[in-house]
Amino acid sequence: SCGSANRPGCEPNVKASEGDALVVRAAEGRRELDLGRDVHALLGLVFDRIDLAGAAEHIQRCVATRRPCFLSTPNVNFVAAAAHERAFRDSVLRSDLSVADGFPIVRVARWLGIDWPERVAGADLFERLQTAGRSAQRPPIKLFLFGGPPGVGAQAAAQLNAQAQGFECVGHDEGGFGDIEAMSSQATIDRINASGAEFVLVALGAKKGQAWIERNRARLN
């Protein structure tokens, strides 16, 4: 298997189709995976070579410009699951930003000679956005919490809003314990859209969370 999309002789197992952002191109006698970003294929998944500050800035820029951004935070568990489940793997490949949430991934990149800056954990990224503060030039990001055990979303929303920093929680929904279709009703999507949310944090577990985002990303405003 290939270690890096820029490694000589590497031929990523990705098929470009009409409408995809993925383009496989020939360059200097080798095949490269071009996502229009500084990315590398590691252990079968695509990762953005970006540090914590850069990832936070990217999300803030997307919010400010109203540009959709599907953020994935793959770690070693993602890698293991993606090796056997194509839909799950494809959800990471179709992400707009895929950060390396795991030191083993960073270590593999460095073993391959890639100058990888650091691990970007999803929790650290959320904290970075939360502590960014607010100003006239950078208002708080409107946040919707989806998923989690009963009552946790309400508690988290209250704490975030009490801190009055980088996030303003505008809604929460436990999602329930049904399948993806049951969690994707029009009423649910309408409730998220009506909240004015700019960032939806999905807490359904890796596989279910990725599948929910894939199912509903085009329906979210």
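Residues numbered from 1 in each chain as written. Predicted model: local features only at pLDDT ≥ 70, side-chain atom pairs only at ≥ 80, totals over all residues. Heavy atoms only, no water.

Peer 1: Would you explain the sheet that holds strand S8 (residues 167-173) in this entry?
Peer 2: Across a sheet, paired strands are connected by hydrogen bonds in the backbone, their directions being either parallel or antiparallel. Here we have three strands laid out as an open sheet, ordered S8-S7-S9, and parallel in their pairing. Each edge of the sheet is formed by a strand with only one pairing partner; in this case those strands are S8 and strand S9 (199-203). Ignoring which end each strand starts from, the neighbouring axes of this sheet average 25 degrees apart. Looking at chain direction, strand S7 (residues 141-147) and S9 are connected through five bridges and run parallel. Paired with Leu143 across the strands is Phe199, a residue of S9. Running over the sheet, helix H6 (residues 152-163) touches S7 and S8 and is turned about 165 degrees from S8. Set on the sheet, helix H7 (residues 186-194) makes contact with S7, S8 and S9; between it and S7 the angle comes to about 155 degrees. (Pairing = 2+ DSSP bridges. Helix = DSSP H or I, 4+ residues; strand = E, 2+ residues; numbered from the N terminus. Axes fitted to C-alpha atoms, helices over the stretch in contact; angles between N-to-C directions. Contact = heavy atoms within 4.5 Å.)

Peer 1: What am I meant to see in the packing of helix H1 (residues 52-65) against helix H5 (residues 122-130) here?
Peer 2: Each packed pair of helices is defined by two parameters, the angle between the axes and the distance between the axes. H5 packs onto H1 with a crossing angle of 60 degrees between their chain directions and a minimal axis gap of 10 Å. Considering their axes alone, H1 and H5 lie oblique with respect to each other. Crossing of H1 against H5: the hand is right-handed. Contacts from Leu52, Ala53, Ala55, Ala56, Ile59 and Gln60 of H1 reach H5 at Asp124, Leu125, Arg128 and Leu129. Taken together, the residues of the contact of H1 with H5 break down into seven nonpolar, one polar and two charged. (Parallel < 35°, antiparallel > 145°, perpendicular 65-115°, else oblique. Left-handed = near helix turned anticlockwise from the far one by under 90°. Nonpolar A, V, L, I, M, F, W, Y, C, P; charged D, E, K, R; others polar.)

Peer 1: Sorry, what's going on with the nonpolar core here?
Peer 2: As a rule of thumb, soluble globular proteins bury nonpolar side chains together. Core analysis: the biggest nonpolar cluster contains 19 residues, and Ala55, Ile59, Leu125, Leu129 and Phe199 have the highest contact counts within it. By residue number, the principal contributor to this core is H1, which donates five residues. If sequence neighbours within four positions are ignored, Ala55 has contacts with Ile50, Leu97, Val99, Val120 and Leu125. Ranked by size, the runner-up nonpolar core spans 15 residues in total, among them Val79, Ala82, Ala100 and Ile114. (Core = buried A, V, L, I, M, F, W, Y, C linked by side-chain atoms within 4.5 Å. Buried < 20%, exposed > 50% of the residue type's maximum accessible area, 1.4 Å probe, protein only.)

Peer 1: Can you walk me through the packing of aromatic side chains in this structure?
Peer 2: Aromatic ring pairs are described here by two measures, namely the spacing of the ring centres and the angle between the planes. According to the stated counting rule, one finds four aromatic pairs in the structure shown. Seen from their ring centres, Phe146 and Trp212 are 4.5 Å apart, and the 25 degrees between their planes marks the pair as stacked. Here the residue Phe146 occupies a position in strand S7, and Trp212 occupies one in helix H8 (residues 206-216), the gap between them amounting to 66 residues. For the pair Phe146 and Trp212, a shared accessibility class is recorded, and that class is buried. Seen in terms of ring centroids, Phe167 and Phe199 are 5.8 Å apart; in terms of plane orientation they differ by 70 degrees. Their pairing is edge-to-face. Note that Phe167 is positioned in strand S8 and Phe199 in strand S9, a separation of 32 residues in sequence. Comparing Phe167 with Phe199, the two get one shared label, buried. (Phe/Tyr/Trp six-rings, centres within 6.5 Å; stacked < 30°, edge-to-face > 60°.)

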